[in-house]
Amino acid sequence: MSYRWDFAPVLDNWQALAFGAIGTVRLFLVCLVLGLSLGLVVALMRRSRHGVLRWLAIGFIELFRNTPVLVQILWFYFALPMLVPVEISPFGAAILGISLNSAAYSAEIYRAGIQSIEPGQWEAARAIGMTGLQVLRRIVLPQALRRVLPALTNRGIEIFKMTTLASVVAYVELLQQGKLVASLNFNPLEVYTVIGALFFLLLYPLVRATYALERRLARSD
Amino acid sequence: MYRWDFSPVIANGDLLLAGLANTLALTGVALAGGIPVGLALALARLSGSRFLSAPAGVVIEVFRTTPPLVQLFWFYFGLPIVLKVEMTPYLAAALTFTIQSGAFFAEIFRAGIVSVDRGQREAARAIGMTEAQAMRRIVLPQAVKRMFPAMMERSIELMKTTTLVATVSYADLLYQANELAQKTFRPLEVFTAAALMYLVTISLVSAIAALVERRMAVSGEMAR
């Protein structure tokens with residue numbers, strides 16, 4: 001155990017890592033917005049009266065929840081360009097894989113939230129003359145979203161962790177830049193320790209906030 | 001219009017099946033290691049002693065909050081430098097996924113143990129059982145049953161996470177698919193076939209889990 005840790009080469013390459021961090025945050029934000037909003041659409045489709053929409057939603061959810069997200073990213077990167085005549089960038093493949101995967105997971109979260117609202121509220125709102133869409137927007141969703149907020153924050157944290165998978169298709173993010181720095185300086189131990197620590201420092205406050213949110217909601221319900 | 005041709009995939013089906021076998025083997029090893037590690041972490045976390053609960057808390061939080069791919073790289077590329085051991089992709093993956101799933105299992109065990117009414121433990125103590133006996137005979141059997149759905153979900157997540165080992169060249173299903181795609185120039189068919197193999201395997205596991213859950217629900221004492 002006489003290894004002497006030396007973090008100086010990692011610090012010297014802070015610019016490369018910062019550049020990667022920007023890529024990580026960019027990918028995270030796009031996937032967060034796309035994944036969580038598409039998830040709501042899928043959840044609503046899942047509840048639709050039209051059989052076709054409902055089955056499409058179920059198929060989508062099952063397909064994307066029951067296959068690994070890395071397989072999805074690689075499929076979009078290597079396989080999809082055979083079908084459609086477009087060039088797919090690593091960024092595009094990562095967005096497609098992570099967003100669609102997150103949409104499938106968050107659709108189930110939204111569904112649980114909407115189902116948790118008693119049917120009496122729907123009936124009451126319909127009775128005073130609201131349309132189905134109005135009931136959803138004014139009565140059901142505001143309460144449902146509040147209830148599932150901790151689950152959605154958890155999903156957000158998962159999305160942030162998933163962004164590292166984009167390094168497999170060489171998208172420039174934190175881990176990808178780390179690989180580069182480690183291979184140039186032969187110091188994988190320090191580099192991956194720093195990267196792990198960075199992720200922890202960024203995400204742990206969010207994890208704590210989610211715990212606190214869960215406790216507050218449990219009390220108020 | 002692209003013409004699908006699955007014949008190169010079928011001709012090399014044994015490669016993909018060997019990959020699937022490796023995926024299942026790795027999942028099995030990580031489960032066999034992760035469950036005891038998770039139980040140990042949960043018991044340490046719940047023990048009154050600060051010297052046990054604090055380190056267990058750190059392990060749980062660190063492995064739950066950092067990306068698994070970073071953990072894998074740390075164990076594969078970083079750890080051999082400190083320990084001066086030869087690291088194989090398989091060993092690195094088994095270690096990473098054992099500890100990582102252990103951290104997740106710990107939280108499931110903890111929730112299950114806490115969910116068993118305190119009074120039961122006190123009653124067991126009152127009739128003369130030691131703390132360990134009460135845990136083993138009274139609390140854990142009930143807790144394990146309640147935890148089953150969460151355990152299955154985590155195990156399925158684990159199977160999906162094992163795809164990451166393809167990045168350190170362990171010949172799991174995804175790695176084999178990647179190799180085959182390059183060899184046959186048929187990425188569309190190969191990756192589609194691999195995705196379908198995962199889909200079938202995982203759907204099968206969740207169907208069996210759902211069946212067992214229903215059986216357990218009939219015999220009573222399930223969560224909810």
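Residues numbered from 1 in each chain as written. Chains lettered and ligands numbered in written order. Predicted model: local features only at pLDDT ≥ 70, side-chain atom pairs only at ≥ 80, totals over all residues. Heavy atoms only, no water.

1. Quick word on the overall build of chain B
Our working rule: In DSSP terms, a helix is any run of H or I states spanning at least four residues, a strand is any run of E spanning at least two, and both are numbered starting from the N terminus. Remark: exposure states derive from per-residue accessible area (1.4 Å probe, protein chains only) relative to the maximum for the residue type, with buried under 20%, exposed over 50%, and partly exposed in between. Note on areas: these come from Shrake-Rupley sampling with a 1.4 Å probe, and a residue is covered only by the protein chains present in the view. Counted as positive: Lys and Arg. Counted as negative: Asp and Glu, with His and the chain ends omitted from the count. Note that the charge is assigned to NZ on lysines, CZ on arginines, CG on aspartates and CD on glutamates.
Along chain B, the regular secondary structure elements total nine helices and zero strands. Burial analysis of chain B (224 residues in total) assigns 50% to the buried set. Accessible surface computed for chain B: about 10800 Å², of which carbon and sulfur atoms make up 65%. Between the mean site of the 20 positive side-chain charges and the mean site of the 15 negative ones, chain B shows a separation of 7 Å.

2. Brief notes about the overall build of chain A
Looking only at helices and strands, chain A features nine helices and zero strands. Its helices and strands in sequence order give chain A the pattern α-α-α-α-α-α-α-α-α, from N to C terminus. Each principal axis of the C-alpha atoms in chain A carries an extent, and together these give about 75 × 50 × 25 Å. Here chain A, with 221 residues, has 45% of them falling under the buried criterion.

3. Describing the interface of chain A and chain B
Many structure descriptions define interface size as the accessible area lost when the parts assemble. Inclusion rule: Only heavy atoms matter for contacts: two residues are in contact if any of them lie within 4.5 Å across the pair. Using a 1.4 Å probe, buried area is obtained as the accessible area two parts lose upon being combined, added over both of them. Salt bridges are defined as contacts in which a side-chain nitrogen from Lys or Arg sits within 4 Å of a carboxyl oxygen from Asp or Glu. What qualifies as a polar contact is a pair of N or O atoms within 3.5 Å, subject to a donor-acceptor requirement within protein and to the restriction that residues adjacent in sequence count only when both atoms come from side chains.
Facing the 38 residues of chain A at the interface are 38 residues of chain B. Together, the buried faces of chain A and chain B total about 3400 Å²; carbon and sulfur atoms form 77% of this surface. Applying the counting criterion to the chain A and chain B interface returns zero salt bridges. Where chain A packs against chain B, one counts eight residue pairs in polar contact (both at pLDDT 80 or more).

4. Concerning the pattern of salt bridges
In total, this model carries eight salt bridges over all chains according to the counting rule given. Residue A:Arg111 is joined to A:Glu108 by a salt bridge in which the shortest nitrogen-to-oxygen separation is 3.3 Å. Of this pair, A:Arg111 and A:Glu108 both sit in helix α5 (residues 90-115), three residues apart, which is roughly one turn of the helix. As a salt-bridge pair, B:Arg186 and B:Glu189 come within 3.1 Å of each other at their nearest N and O atoms. Looking at B:Arg186, the relative accessible area reads 22%, which means it is partly exposed.

5. Some details on the environment of A:Phe64
Residue and element names in this part refer to chain A. Within the secondary structure, Phe 64 sits in helix α3 (residues 51-65). For Phe 64, a relative accessible area of 10% puts it in the buried group. Aside from chain neighbours lying at most four places away, what touches Phe 64 is Gln 72, Phe 76, Leu 100, Asn 101 and Ala 104.

6. Remarks on the packing of helix α2 (residues 14-46) of chain A against α3(A)
All names here are of chain A. In plain terms, the rule: Helix axes use the C-alpha atoms of the stretch in contact, all axes being lines fitted to C-alpha atoms, and the angles between their N-to-C directions lie in the range 0 to 180 degrees. To sort the angles, those under 35 degrees are grouped as roughly parallel, those over 145 as roughly antiparallel, those from 65 to 115 as roughly perpendicular, and the leftovers as oblique. Crossings are assigned a handedness: left-handed for a near helix turned anticlockwise from the far helix by less than a right angle, right-handed for a clockwise turn. Ten residues, namely Ala, Val, Leu, Ile, Met, Phe, Trp, Tyr, Cys and Pro, are considered nonpolar, four, namely Asp, Glu, Lys and Arg, are considered charged, and the remaining ones, Gly among them, are considered polar.
Where α2 meets α3, the closest approach of the two axes is 7 Å, and the angle between their N-to-C directions is 130°. By the angle between their directions, the pair α2 and α3 is classed as oblique. Every pair of crossing elements has a handedness; the one defined by α2 and α3 is left-handed. For the pair α2 and α3, the contacting residues are Val 42, Met 45 and Arg 46 in the first and Leu 53, Arg 54, Leu 56, Ala 57, Ile 58, Phe 60 and Ile 61 in the second. Partitioning the contact of α2 with α3 into residue classes produces eight nonpolar, no polar and two charged.

7. Comments concerning helix α7 (residues 131-161) of chain B
Defined as follows: Take the number of residues in a helix, subtract one, and multiply by 1.5 Å to get its expected span. A residue's bend is given by the angle between axes fitted to the 7 residues ending at it and the 7 residues starting at it.
Its 31 residues give α7(B) an end-to-end C-alpha distance of only 36 Å, which falls more than 12% under 45 Å, the value for a rise of 1.5 Å per residue. The largest bend along α7(B) reaches roughly 55° and is located at B:Phe148, with the proline B:Pro149 sitting one to four residues downstream.

8. Here's the deal with the confidence of the model for chain B
As a note on interpretation, predicted positions should not be read in detail where pLDDT is low. Our working rule: By definition, pLDDT measures how confident the predictor is in each residue, and it falls between 0 and 100.
Per-residue pLDDT for chain B has a mean of 93; in total, 97% of the residues score no lower than 70. Element-level pLDDT for chain B is lowest in helix α1 (residues 7-11) of chain B, with a mean of 91, against a maximum mean of 96 in helix α2 (residues 13-46) of chain B.

9. Here we look at the packing of helix α8 (residues 174-185) of chain A against helix α9 (residues 188-220) of chain A
A packed helix pair is summarised by two numbers, namely the angle formed by the two axes and the spacing between the axes. Residues and elements named next belong to chain A. Contact geometry of α8 with α9 gives a least axis separation of 9 Å together with a crossing angle of 160°. Taken together, the axis directions place α8 and α9 in an arrangement best described as roughly antiparallel. Relative to α9, the crossing made by α8 is right-handed. For the pair α8 and α9, contact is made by Leu 174, Leu 175, Gly 178, Lys 179, Val 181 and Ala 182 and by Pro 188, Val 191, Tyr 192, Ile 195, Leu 198 and Phe 199, respectively. Of the residues in the contact of α8 with α9, the class split is ten nonpolar, one polar and one charged.

10. Describing a nonpolar patch on the surface
For clarity, the threshold we go by: Patches here: salt-bridge-free residues with over 30% relative accessible area, like charges joined within 9 Å, nonpolar side chains (Val, Leu, Ile, Met, Phe, Trp, Tyr) joined within 5 Å.
Judged by side-chain polarity, A:Leu83, A:Val84, A:Val86, B:Trp4, B:Phe6 and B:Ile10 come together as a nonpolar surface patch covering roughly 520 Å² of accessible area. Among the structural elements, A:Val86 can be located in the loop between α4 (69-83) and α5.

11. A word on the packing of aromatic side chains
So the rule is basically this: Note on aromatic contacts: the rings of Phe and Tyr and the six-membered ring of Trp form a pair at centre separations within 6.5 Å, being stacked when their planes are under 30 degrees apart, edge-to-face when over 60 apart, and tilted otherwise. Remark: a charge is flagged as sitting over a ring if the NZ atom of Lys or the CZ atom of Arg is within 6 Å of the ring centre and within 35 degrees of the ring normal.
Going through the model one piece at a time under the given rule, you end up with 19 aromatic pairs over all chains. Through a chain of ring-to-ring contacts, three or more aromatic side chains come together here, namely A:Tyr192, B:Phe73, B:Tyr76 and B:Phe77. Positioned above the aromatic ring of A:Tyr105 is the side chain of A:Arg65, whose terminal nitrogen or guanidinium carbon lies 4.9 Å from the ring centre. Seen from the ring of B:Phe104, B:Arg154 lies directly overhead, with NZ or CZ sitting 3.7 Å from the centre.

12. Side note on unusual backbone geometry
Trans peptide bonds make up most of the peptide bonds, and negative phi angles are found at most residues other than glycine. Residues other than glycine seldom take positive phi values, yet A:Ala170 does so here, at roughly 65°. Following the sequence through the fold, A:Ala170 ends up in the loop between α7 (132-162) and α8.

13. Some points on the environment of A:Ser99
All names here are of chain A. Along the chain, Ser 99 turns up in helix α5. By relative accessible area, Ser 99 is classed as buried at 4%. Ser 99 sits 85 residues away from Trp 14 along the chain, and the two C-alpha atoms are 29 Å apart. Once residues within four sequence positions are removed from consideration, Ser 99 is found in contact with Val 30, Cys 31, Leu 34, Gly 35 and Ala 94. Within polar-contact distance, the side chain of Ser 99 engages the backbone oxygen of Ile 95 at 2.7 Å.

14. Overview of the nonpolar core
Let me state the cut-off plainly: To qualify as a nonpolar core, a set must consist of buried Ala, Val, Leu, Ile, Met, Phe, Trp, Tyr and Cys residues joined through side-chain atoms within 4.5 Å.
Counting 96 residues, the largest nonpolar core has A:Leu27, A:Phe60, A:Leu165, B:Leu16, B:Phe97, B:Leu174 and B:Phe191 as its most contacted members. If you tally residues by element for this core, the top one is α5(A), at ten residues. Contacts of B:Phe191, omitting those with residues within four sequence positions, involve A:Leu74, A:Trp75, A:Phe78, A:Ala79, B:Leu174, B:Ala177, B:Asn178 and B:Ala181. If you look at the next biggest cluster of nonpolar residues, it comprises 17 residues, including B:Ala44, B:Ala106, B:Val139 and B:Met147.

15. Some remarks on the side chain of B:Asp172
When you line up the elements, B:Asp172 lands in the loop between α7 and α8 (173-184). If we ignore the near neighbours within four places in the chain, the residues touching B:Asp172 are B:Gly19, B:Asn22, B:Thr23, B:Thr162, B:Thr163, B:Val165, B:Ala166 and B:Tyr198.

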